[in-house]
Amino acid sequence: MEVKARAPGKIILAGEHAVVHGSTAVAACIDLYTYVSLRFPADSDDDDTLKLVLKDMELNFSWSVTRIKATLSHLGSPFPSTPTTCSMEVIKSIAVLVDEQNIPEAKIGLSSGATAFLWLYTSIIGFKPATVVVTSDLPLGAGLGSSAAFCVSLTAALLGSLNSVHLDKNHQGWLTYGESDLDLLNKWAFEGEKIIHGKPSGLDNTVSTYGNIIKFRSGNMTCIKSNMPLKMLITNTKVGRNTRALVAGVSERSMRHPDAMSSVFNAVDSISKELSTIIESPTPDDLSITEKEERLEELMEMNQGLLQCMGVSHSSIETVLRTTLKFKLASKLTGAGGGGCALTLLPTCILLFYLLAMVLHLFSLFL
Ligand SMILES: Nc1ncnc2c1ncn2[C@@H]1O[C@H](COP(=O)(O)OP(=O)(O)OP(=O)(O)O)[C@@H](O)[C@H]1O
Ligand SMILES: C[C@@](O)(CCO)CC(=O)[O-]
Ligand SMILES: [Mg+2]
């Protein structure tokens, strides 16, 4: 039997980092996906291995199921309907299984993904041989939610293989999960994100699970219905970074300067709320599309300034800001920052040659 699943990446329009500290954030899924194929061997095969193939990374993992069971059987897996946090002790046991795979130094960042894989697989499926193949349109560690798309698509394939989820209408040739199963999927994906990120807010896995545009605060999401065209250019600076380290850095800064940082997080909360109100308000309302776009640009600029206060901008991001500003366009980093991707709002009235000139300029900087 083979089960295939996919889940999208995301952009954050406002509120990254502050959302970890209780502020509102606004995020939208994008048309770039992570794909997972899960295949169980036929009963007649005496295959005892669990294989994880990270195709784009050219990295193959292979574990003996007997060996995994010897390490983790005390957990009482599987428990697919009870999303559970992986304890530090179990993370250490799984780390031994991952270390044995001798990941090359250049790809060592993938060990947290492999750890999340083993936790989600054994918790949901138990100790059964299978081959799991992962491919992705998303750049890893660039702010577009690759870790969440990985956890959501993997969990969707695992839960989907149990035949206990309700699959609904067709979306671009893919069946979608029913509302109640989406909640279970999202909770498991969040547990995977915790292993990769340390202290995720849940924003990335929630937008990857539910899609569309969402407003998110302290674990609660509302779907936003946009009433205006919203075109964003995404520039990948190709400067690598790690979300876990950046999130930890902001928490440390906030412990050193609690009052100042709390004001920063409050300001971000107001920005996200205003941004979502503008996106949702009917057009033509009291504001024209152009006026709405101007306000969004201003809010993005303000959010970027506050992200700089949090210490998560980067010289490569500043280069994107300066470059797009020359073309009178506003940008901000998206995701955890420290490099990675930046967003630029493209107004509806932008001239094509103007846009082309800017894109070529950015290309020459980050190719
Ligand atoms: N397709 C994948 N296969 C295996 N592991 C993955 C995959 N995608 C992401 N990961 C794991 O997630 C890590 C990257 O997650 P990280 O949170 O640092 O960046 P991101 O999710 O791309 O950006 P952001 O969190 O800012 O949106 C990788 O190092 C890897 O461990
Ligand atoms: C930086 C952060 O706010 C977004 C990363 O895409 C972390 C999180 O919300 O978990
Ligand atoms: Mg991530």
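Rules and cut-offs
Residues numbered from 1 in each chain as written. Chains lettered and ligands numbered in written order. Predicted model: local features only at pLDDT ≥ 70, side-chain atom pairs only at ≥ 80, totals over all residues. Heavy atoms only, no water. Donors = N, O, S within 2.8 Å, 3.2 Å for Na, K, Ca; no water. Helix = DSSP H or I, 4+ residues; strand = E, 2+ residues; numbered from the N terminus. Buried < 20%, exposed > 50% of the residue type's maximum accessible area, 1.4 Å probe, protein only. Expected span 1.5 Å × (residues − 1). Arc of directions from axis to C-beta. Contact = heavy atoms within 4.5 Å. UniProt positions renumbered as here; feature names shortened; annotations may be inferred. Pairing = 2+ DSSP bridges. Near = heavy atom within 4 Å. Polar contact = N/O pair within 3.5 Å; in protein donor to acceptor, adjacent residues only side chain to side chain. Areas by Shrake-Rupley, 256 points an atom, 1.4 Å probe, with all protein chains shown as cover. Domains from an automatic or database assignment. Buried area = accessible area lost by both parts, 1.4 Å probe. Salt bridge = Lys/Arg side-chain N within 4 Å of Asp/Glu carboxyl O. Nonpolar A, V, L, I, M, F, W, Y, C, P; charged D, E, K, R; others polar.

1. Thoughts on the coordination of the magnesium ion (ligand 3)
Then, in step 1: Surrounding the magnesium ion (ligand 3) are the protein donor atoms S147 (OG) and H197 (NE2), at 2.2 to 2.4 Å. Residue S147 is located in helix α4 (residues 146-160), and its partner H197 is located in helix α5 (residues 179-197); the two are separated by 50 residues in the primary sequence. For the pair S147 and H197, one class covers both residues: buried.

2. Things to note about helix α2 (residues 88-99)
Then, in step 1: The first and last C-alpha atoms of α2 sit 16 Å apart over 12 residues, in line with the 16 Å expected at 1.5 Å per residue.
Then, in step 2: Of the positions making up α2, those classed as buried are V90, I94, L97 and V98. Along the axis of α2, the buried residues cluster in a sector spanning 95 degrees; they form a single face. With respect to the buried face of α2, the exposed residues turned more than 90 degrees away are M88, E89, K92 and D99.
Then, in step 3: Taken together, the buried residues of α2 touch β4 (59-64), α1 (65-72) and α3 (111-124).

3. Quick notes on the UniProt feature "domain: GHMP kinase C-terminal" (unreviewed entry) in the protein chain
Then, in step 1: Per the UniProt record, the feature "domain: GHMP kinase C-terminal" (unreviewed entry) sits at residues 294-346.
Then, in step 2: Taken end to end, residues 294-346 has its terminal C-alpha atoms 11 Å apart, with 55% of it in helix and 17% in strand.

4. Points about the pairing of strand β3 (residues 49-54)
Then, in step 1: Across 6 bridges, the pairing between β3 and β4 is antiparallel. Residue V53 lies in a different strand from β4, and its bridge partner there is N60.
Then, in step 2: Linkage of β3 to β4, two consecutive antiparallel strands, is achieved through a turn of 4 residues, within which E58 is found at a positive phi near 50 degrees.
Then, in step 3: The sheet contact formed by β3 and strand β5 (residues 130-136) spans 5 bridges and is parallel. Looking across to β5, one finds that K51 is bridged to T131.

5. A short note on the site of ligand 2
Then, in step 1: In the neighbourhood of ligand 2, 13 residues make up the surrounding shell, with K10, H17, P200, S201 and D204 lying closest.
Then, in step 2: Measuring from an oxygen atom of ligand 2, one finds a side-chain N or O atom of K10 at 2.8 Å.
Then, in step 3: S201 has a polar side-chain atom sitting 2.6 Å from an oxygen atom of ligand 2.
Then, in step 4: When ligand 2 is considered free in solution it has 300 Å² of accessible area, and contact with the protein chains removes 98% of it.
Then, in step 5: Taken domain by domain, the shell around ligand 2 gets at least three of its residues from each of domain 1 (2-223) and domain 2 (227-366).

6. Things to note about the domain arrangement of the protein chain
Then, in step 1: Under the domain assignment, the protein chain is made up of domain 1 (2-223) and domain 2 (227-366).
Then, in step 2: Its C-alpha centre places domain 1 at a distance of 28 Å from the equivalent point of domain 2.
Then, in step 3: Each partner contributes residues to the interface: domain 1 has 31 residues there, and domain 2 has 36 residues.
Then, in step 4: Counting each side, the surface lost to burial between domain 1 and domain 2 is near 2400 Å², with a carbon and sulfur contribution of 62%.
Then, in step 5: Summed over the shared surface of domain 1 and domain 2, the result is 2 salt bridges.
Then, in step 6: Salt-bridge contacts for K332 lead to E16; the nearest nitrogen and oxygen are separated by 2.9 Å.
Then, in step 7: Going through the elements one at a time, β1 (2-14), β2 (25-39), α5 and β8 (213-217) are the ones with two or more residues in the side of domain 1 that touches domain 2.
Then, in step 8: When residues of the side of domain 1 that touches domain 2 are assigned to their parent elements, the largest contribution, 5 residues, is made by β1.
Then, in step 9: When grouped by side-chain class, the residues that make up the side of domain 1 that touches domain 2 number 16 nonpolar, 9 polar and 6 charged.

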